[in-house]
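Commentary on secondary and tertiary structure
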Amino acid sequence: MTAFGSTFIPRNLDRALFARMAAARPRGVQSVLPRLSRAADHGVLWAGAAAALGVFGGRSARRAALRGLGSLAIASTVSNLVAKPTTRRTRPVIDQVPVARRLSRTPHTTSFPSGHSASAAAFTFGVALESPRAALLIAPLAGAVALSRIYVGVHYPSDVLAGVAIGAAAAALTSHWWPTRPEAPATAVQPRLPAPELADGAGLSLVVNPGSGLTGQVDDSLRDLLPQADIRTLKPEDDLVGLLDEAAERAARTGGALGVCGGDGTVNAAAGAAVRHGVPLAVFPGGTFNHFAADLGIETMEQVAQAVRAGDAVRVDLGRVASADGAREKIFLNTFSLGVYPELVHLRERLGKWIGKWPALAVSLAAVLATSRPTTVTINGVERRLWLLFAGNGVYHPAGFTPSYRPSLDDGLLDIRTVDGSLPLARTRLLLAVLTGTLHNSRVLVTGQVSRLRLETAERQVLFAYDGEVTELTSGSLVLGKRRQAVTVYRPAGPVDGVSSL
């Protein structure tokens, strides 16, 4: 036995455990463990589990599936392409015949470590980082796969333990590029005046922006939850802002609230209407990503309906971007950006559904940088050449290039992140820093937290994005700022809500 196996189990004990299981293994009998071992070949079993999480689970389950698959990819690479070629440990022998010769489905003749165990552990620990409940369902299956590799006679116990260790380490490593999101929603203060309690939705004027071909099902679900709500569905010929203003006006007349079901761009428009008419806002997650709803801690329509019936609400900040003379203004609930960031985010989120957030970021960044150039922007009087400028409505976490969540929705700050395009080899340095997860320590990234920022550009065409909507800069000067606690939003009451009575 090599020294590698001895680091996990003493040589004699390792062989004794394997021999005992080999002796107990029934001859010529097909049992569950061999079939399970074959089902886990090439990660097929875990791909199926990830698909089930994506279809039947919520937002956290989908994140768990992506992290599990990413962890599996790392563990499989390390165990099969690094560890096995360097150890060259022969597989066990049963009845004087190497097991690897018997099993046509076993492609490697090298025993240490167990690649199946590494993949099983990596997927399970990766899922556990995002969704411990889902991991509790998967863990027994992963344990059975690991046990099956000893049972069918292709690995010693030390091989399996080494694989489990590699899998766990791979899952932990994913947090270096893609930090886990806390389960607790962002904090926010309670409103001065309680939000109206709308039993069965009476007084709620709700606008549904259709998407994903599920409009009829969404309407039926909302009517079941809030049968007395006034529900209007956006039609192709309708103007979204106009429809939302009409709904907000009806809500103001009846002392009710404005409701919206759609993605972040639709929620942005609804927030503007709620502020103009002075009514609370109920956000039903109906988009692809629902970033604002996620920061509120809302994953289901049932949660919003519960808050509407109980009158549970918080007040949140709005970001604002206005022309220098104040004549034109747009608000943002989540983020504002210019430079390559709008294109980058669009491509990253499209790819992220298939390959995971961090791989999608790396691929998207390489593609965007290959065809783009820095933008010249003057920030508070200082001229800069930037690949991008990101402004978050509130301080986002984690630091670096992949802001994912906010711990607070009412901190009064803009989270500013810029990537400098004037440094030597800035494009290469940016890509390498993102790939290695070290951008937060790189000179190309400049960050700050402010309440106001002035931007000017002399370029003819500059695109900027706010809450997923992209538009062209029509003024050479813009001012970014905050509207403190500008809108009241329903969400279920919880211990994280602020206690201030501002």
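Everything below is about the structure printed above this text.
Presented here is a report on the structure given in the accompanying data block. Throughout, residues of each chain are indexed from 1 in the direction in which the sequence is written. Given that the model is predicted, a residue must reach a pLDDT of at least 70 before its local features are reported, and side-chain atom pairs must reach 80 or more before they are shown or counted; all residues, however, enter totals for whole chains, interfaces and linings. No hydrogens and no water enter the side-chain calculation; it runs on all heavy atoms of the structure.

1. Quick word on helix α5 (residues 59-87)
Note the cut-off: Only DSSP runs of H or I covering at least 4 residues are called helices, and only runs of E covering at least 2 are called strands; the numbering of each starts at the N terminus. To estimate the expected span of a helix, count its residues, drop one, and scale the result by 1.5 Å. Bend, at a single residue, is the angle you get between axes fitted to the 7 residues ending at that residue and the 7 residues starting at it.
Helix length check: α5, at 29 residues, gives a terminal C-alpha distance of 41 Å against a target of 42 Å (1.5 Å per residue), a fit within 8%. Of all the bends in α5, the greatest measures close to 30° and is centred on Ser 79.

2. Some points on the packing of aromatic side chains
The line we're drawing: Pairing of aromatic side chains here covers Phe, Tyr and the six-membered ring of Trp, requires ring centres within 6.5 Å, and sorts the geometry by plane angle: under 30 degrees stacked, over 60 edge-to-face, intermediate tilted. Only protein chains enter the accessibility calculation, which uses a 1.4 Å probe; a residue is then buried when its area is under 20% of its type maximum, exposed when over 50%, and partly exposed in between.
The full count for this structure, using the stated rule, is 5 aromatic pairs. Ring geometry for Phe 332 against Phe 336: centres 6.1 Å apart, planes inclined by 35°, an arrangement best described as tilted. Here Phe 332 and Phe 336 have matching classes, each one buried. Ring centres 6.2 Å apart and planes at 35° place the aromatic pair Phe 464 and Tyr 466 in the tilted group. We note that Phe 464, like Tyr 466, is buried. Chaining the aromatic ring pairs together yields one cluster made of Phe 332, Phe 336, Phe 464 and Tyr 466.

3. As for the environment of Thr 187
Along the chain, Thr 187 falls in the loop between α9 (157-177) and β3 (204-208). The class of Thr 187 is partly exposed, set by a relative accessible area of 31%. As a C-alpha pair, Thr 187 and Pro 407 span 220 residues in sequence and 6.2 Å in three-dimensional space.

4. Details of unusual backbone geometry
Phi angles above zero are rare outside glycine, and His 42 is one such case at about 60°. By the secondary structure assignment, His 42 is in the loop between α3 (32-39) and α4 (44-56). Positive phi, close to 50°, is recorded for Asn 380, a residue that is not glycine. Along the chain, Asn 380 turns up in the loop between β10 (375-379) and β11 (382-393). Accessibility expressed as a relative area gives 49% for Asn 380, which makes it partly exposed.

5. Observations regarding the pairing of strand β5 (residues 257-262)
Condition: Any two strands are treated as partners once DSSP identifies two or more bridges connecting them. Here a crossover is taken to be right-handed if, once the strands point away from the viewer, the path from the first strand over the helix to the second is traced clockwise.
Among the 6 residues of β5, 6 are classified as buried, and the element is accordingly described as predominantly covered. As defined by bridge partners, β3 adjoins β5 across 5 bridges and the pair is classed as parallel. When the sheet's bridge partners are listed, Val 207 is paired in β5 with Val 260. Pairing geometry for β5 and strand β6 (residues 281-285), over 5 bridges, is parallel. Directly across from Gly 262, in β6, lies its bridge partner Pro 285. As for the winding sense of the linkage, the β-α-β connection from β5 through helix α12 (residues 264-277) to β6 is right-handed.

6. Re a nonpolar patch on the surface
Put simply, the rule is: Here the term patch refers to residues with relative accessible area over 30% and no salt bridge, with like charges joined within 9 Å and nonpolar side chains (Val, Leu, Ile, Met, Phe, Trp, Tyr) within 5 Å. In these tables, accessible area is a Shrake-Rupley quantity obtained with a 1.4 Å probe, and a residue counts as shielded only by the protein chains included in the view. One side-chain nitrogen of Lys or Arg within 4 Å of one carboxyl oxygen of Asp or Glu is enough to make a salt bridge.
On the surface, Val 78, Leu 81 and Val 82 cluster together into a nonpolar patch covering about 270 Å² of accessible area. Assessed through its relative accessible area of 47%, Val 82 is described here as partly exposed.

7. Observations concerning a negative patch on the surface
The condition is simple: Positive residues here are Lys and Arg, negative ones are Asp and Glu, while His and the chain termini are left out of the count. Charge coordinates come from a single atom per side chain, which is NZ of Lys, CZ of Arg, CG of Asp or CD of Glu.
Taken together, the side chains of Glu 237, Asp 238, Asp 239 and Glu 246 define an acidic patch exposed on the protein surface. The topology assignment puts Glu 237 in the loop between β4 (230-233) and α11 (240-254). Residue Glu 237 is classed as exposed on the basis of its relative accessible area, which comes to 62%.

8. Topic: α4
Defined as follows: The directions considered for the arc are those from the helix axis to the C-beta atoms. By definition in these notes, contact holds between two residues if any of their heavy atoms fall within 4.5 Å.
Here α4 contains 13 residues, and its C-alpha end-to-end distance of 18 Å stays within 8% of the 18 Å for a straight helix at 1.5 Å per residue. All of the buried residues along α4 are Leu 45, Trp 46, Ala 49, Ala 50 and Leu 53. With its buried residues spanning 135° around the axis, α4 presents them on a single face. Pointing more than 90 degrees away from the buried face of α4 are the exposed residues Val 44 and Val 55. Where the residues of α4 are buried, they touch α3, α5, α7 (115-130) and α8 (132-151).

9. Structural notes on the pattern of salt bridges
Applying the stated criterion across every chain, the model contains 14 salt bridges. The salt bridge partner of Asp 230 is Arg 232, with a shortest N-O separation of 2.9 Å. Judged by its relative accessible area of 25%, Asp 230 is partly exposed. For Arg 232, a relative accessible area of 33% puts it in the partly exposed group. Across the pair Asp 317 and Lys 482 runs a salt bridge, and its minimum N-O distance is 3.2 Å. Taken together, the residues Asp 317 in strand β7 (residues 313-323) and Lys 482 in strand β17 (residues 477-490) connect sequence positions 165 residues apart. Look at Asp 317 and you get buried, because its relative accessible area is 2%. A single salt-bridge network, built from bridges that share partners, covers Asp 317, Asp 411, Lys 482 and Arg 484.

10. Considering the environment of Gly 54
Turning to its location among the elements, Gly 54 is positioned in helix α4. Sequence separation between Gly 54 and Ala 65 is 11 residues, and the spatial gap between their C-alpha atoms is 6.6 Å.

11. Describing the packing of α4 against α8
To keep things clear, this is the line we draw: Axis lines are fitted through C-alpha atoms, for helices just across the contact stretch, and the angle between N-to-C directions can take any value from 0 to 180 degrees. Should an angle lie under 35 degrees it is considered roughly parallel, over 145 roughly antiparallel, and from 65 to 115 roughly perpendicular; all remaining angles are considered oblique. Under the scheme applied, nonpolar residues are Ala, Val, Leu, Ile, Met, Phe, Trp, Tyr, Cys and Pro; charged residues are Asp, Glu, Lys and Arg; polar residues are all the others, including Gly.
Relative orientation of the contacting elements α4 and α8 amounts to 170°, with a least axis distance of 12 Å. It follows that α4 is roughly antiparallel to α8 by the angle criterion. Residue-level contacts link Leu 45, Trp 46 and Leu 53 of α4 to Ala 134, Ile 138, Leu 141, Ala 142 and Val 145 of α8. Of the residues belonging to the contact of α4 with α8, the class tally is 8 nonpolar, no polar and no charged.

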